[in-house]
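Now for the letters of each chain:
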Amino acid sequence: MNLVTVSGPPSSGKTAVILKTIDSFQKRGLEVGVVKFDCLYTDDDILYEKAGVKVKKGLSGSLCPDHYFVSNIEEVTQWGIKEGLDILITESAGLCNRCSPYVKSVTAVCVIDNLSGINTPKKIGPMLKSADIVIITKGDIVSQAEREVFASRVNTVNPGASIMHVNGLTGQGAYELSTLLYDEKVEVKTLVGEKLRFSMPSALCSYCLGETRIGESYQMGNVRKIDMEEKKKRS
């Protein structure tokens, strides 16, 4: 079974791109499954079911969705193998630009859209920087010049990635993407012992553990403060 991890900021078009890519897989006779990771709510599983795709969803609730992903990815992998899938696609919530759900041995795809802002590639962090493939969406809404500038910014951040333009509405580019995501020679049997490409945030603070009160006396663990005095000197 092949395994692919798809991440990206909210509303960048991840689900639409995945659905169009799955259509290309199905036309080739491949059995595809999806596991959708999110925080509080998602109905994307219904869209996948309508497309005839085996799907599971996991909601992290109060936990970081990417930590939740890593804690469950081995069980997810074994589910895909048990279901006899040729390719299993995991879709992350993509809320934290500091986290990255990528595993070193698993193909990593980042989806980012042209409308997110010209400087967005610099802000996303390891989710974009450590991806194998970067998909740029919503190119039909901006000019050719804007598409080229945005793609150039993405290339600056991650020069080693394959950059593709995919239209989640028409499916343009989805077939080409599908050829990069599936390799019949690859067979994932377990992820036990595999490593992430990038570490999660380094420690816990009191707010991670449920604290709601504001003030220094309530702040424990890994706390970082702005240097306000330095700011005054510069102003």
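A quick note: this is a predicted structure, and the numbers were derived from the prediction, not measured.

**A look at the overall build of the protein**
Scanning the protein from N- to C-terminus turns up 8 helices and 7 strands. Going through the 235 residues of the protein one by one, you find that 45% of them count as buried. When contacts within the protein are restricted to residue pairs at least 6 apart in sequence, those whose partners lie at least 24 apart make up 74%. Of the accessible surface of the protein, which amounts to about 12900 Å², a share of 52% is contributed by carbon and sulfur atoms. The distance from the centre of the 29 positive side-chain charges to the centre of the 28 negative ones in the protein is 6 Å.

**Side note on the UniProt feature "domain: CobW/HypB/UreG nucleotide-binding" (unreviewed entry) in the protein**
Mapped onto this numbering, the UniProt entry annotates "domain: CobW/HypB/UreG nucleotide-binding" (unreviewed entry) at residues 4-164. Taken end to end, residues 4-164 is 39% helix and 23% strand, and its two terminal C-alpha atoms sit 16 Å from one another.

**Points about helix 3 (residues 65-82)**
For helix 3, with 18 residues, the first-to-last C-alpha span of 24 Å sits near the 26 Å given by 1.5 Å per residue. Of all the bends in helix 3, the greatest, near 50°, is centred on Asn-72. The complete set of buried residues in helix 3 reads Pro-65, Asp-66, Tyr-68, Phe-69, Ile-73, Glu-74, Val-76, Thr-77, Trp-79 and Gly-80. Residues of helix 3 that are buried make contact with strand 1 (2-7), strand 2 (32-38), strand 3 (54-59) and strand 4 (87-91). In the segment just after helix 3, Gly-84 is the residue with positive phi, at about 70°.

**Considerations on the packing of aromatic side chains**
Under the defined criterion, the tally for this structure stands at 2 aromatic pairs. Ring centres 5.9 Å apart and planes at 80° place the aromatic pair Phe-37 and Tyr-68 in the edge-to-face group. Of this pair, Phe-37 sits in strand 2 while Tyr-68 sits in helix 3, and the two are 31 residues apart along the sequence. Tyr-68 shares its class with Phe-37; the two are buried. Between the aromatic rings of Phe-37 and Phe-69, the centroid separation amounts to 5.0 Å while the plane-to-plane angle is 70°, which identifies the pairing as edge-to-face. You can see Phe-37 sitting in strand 2 and its partner Phe-69 sitting in helix 3, a full 32 residues away along the chain. Neither Phe-37 nor Phe-69 differs from the other in exposure class; each is buried. Grouping aromatic residues by their ring pairs yields a cluster made of Phe-37, Tyr-68 and Phe-69.

**What about the environment of Asp-38?**
Take Asp-38: it is sitting in strand 2. Remark: the alpha-carbon pair of Asp-38 and Ile-163, spanning 125 residues in sequence, is separated by 25 Å. Look past the residues within four positions of Asp-38 in its chain and what remains in contact with it is Gly-58, Leu-59, Ser-60 and Ala-93.

**Quick look at the pairing of strand 6 (residues 133-137)**
Burial within strand 6 is extensive, with 5 of its 5 residues counted as buried. What you see with strand 6 is no split at all: Ile-133, Ile-135 and Thr-137 on one side and Val-134 and Ile-136 on the other are buried throughout. Across 5 bridges, the pairing between strand 5 (residues 107-113) and strand 6 is parallel. Note that in strand 6 the partner of Val-111 across the bridge is Ile-135. The pairing of strand 6 with strand 7 (residues 162-165) spans 4 bridges and is classified as parallel. Looking at strand 7, one finds that Ile-133 is bridged to Ser-162.

**Remarks on the environment of Val-53**
Take Val-53: it is sitting in the loop between helix 2 (44-50) and strand 3. Separated by 81 residues in the primary sequence, Val-53 and Val-134 place their C-alpha atoms 24 Å from one another. Setting aside residues up to four positions removed in sequence, Val-53 forms contacts with Ile-22, Gln-26, Val-32, Gly-33, Val-34 and Tyr-48.

Criteria and cut-off values
Residues numbered from 1 in each chain as written. Predicted model: local features only at pLDDT ≥ 70, side-chain atom pairs only at ≥ 80, totals over all residues. Heavy atoms only, no water. Helix = DSSP H or I, 4+ residues; strand = E, 2+ residues; numbered from the N terminus. Buried < 20%, exposed > 50% of the residue type's maximum accessible area, 1.4 Å probe, protein only. Contact = heavy atoms within 4.5 Å. Areas by Shrake-Rupley, 256 points an atom, 1.4 Å probe, with all protein chains shown as cover. Lys, Arg positive; Asp, Glu negative; His and termini not counted. Charge placed at Lys NZ, Arg CZ, Asp CG, Glu CD. UniProt positions renumbered as here; feature names shortened; annotations may be inferred. Expected span 1.5 Å × (residues − 1). Bend = angle between axes of the 7 residues up to and from the residue. Phe/Tyr/Trp six-rings, centres within 6.5 Å; stacked < 30°, edge-to-face > 60°. Pairing = 2+ DSSP bridges.

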